[in-house]
Amino acid sequence: MAIESKAHPHEELIKGVYEQLKEVLEESKQAIYVYLDDQHMTYNQRFASLLGYKSVEELSKVKEPFIEAFVMDKSQDILVHAYRHAMEDKIGSCIEISLKKKTGESINVKMILVPISYMGELLALHFISKT
């Protein structure tokens, strides 16, 4: 019986998106994350640091759904609405929300959310600044 050793197609997709956007992710002065679904996303170090994590690796170990782990309750509907606009209507948004740090404390941010297409999949690219 052969054991399938290939990574999940979405894991390959996220690696490809990271490589495609590597210069922006690594050199931007803003926190950035790219979201496909709750199991498949990538972040830059500035995003990890913004939320109080030492590294992208530490942040990546969080297994809760993104919205529950990193978005304050009062901001969840705002982000979901903007995400739906991006995915369904291909509309970018600029929103102000509160993210949840590792400690549970709230941080107010401005987020630019835009839809991007990579290998036939729609993803959401987010640029984040403290307000």
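This text goes with the structure placed above it.
Quick caveat, the model's predicted, so the values are computed rather than measured.

1. Some remarks on the packing of aromatic side chains
Tallying each qualifying case throughout the model produces nine aromatic pairs. Centre to centre, the rings of Tyr35 and Phe66 are 6.0 Å apart; their planes meet at 65°, and the pair counts as edge-to-face. Separated by 31 residues along the polypeptide, Tyr35 in strand β1 (residues 31-37) and Phe66 in helix α4 (residues 66-70) bring together distant segments of the chain. When sorted by exposure, Tyr35 lands in the same class as Phe66, which is buried. Seen in terms of ring centroids, Phe47 and Phe70 are 6.4 Å apart; in terms of plane orientation they differ by 75°. Their pairing is edge-to-face. Here Phe70 lies in helix α4 and Phe47 lies in helix α2 (residues 45-50), a separation of 23 residues in the sequence. Grouping residues by exposure puts Phe47 and Phe70 together as buried. One aromatic cluster in this structure is built from Tyr33, Tyr35, Tyr43, Phe47, Tyr53, Phe66, Phe70 and Tyr83.

Rules of the game
Residues numbered from 1 in each chain as written. Predicted model: local features only at pLDDT ≥ 70, side-chain atom pairs only at ≥ 80, totals over all residues. Heavy atoms only, no water. Phe/Tyr/Trp six-rings, centres within 6.5 Å; stacked < 30°, edge-to-face > 60°. Helix = DSSP H or I, 4+ residues; strand = E, 2+ residues; numbered from the N terminus. Buried < 20%, exposed > 50% of the residue type's maximum accessible area, 1.4 Å probe, protein only.

In short, the description is geometric, and any link to function would need to be established separately.
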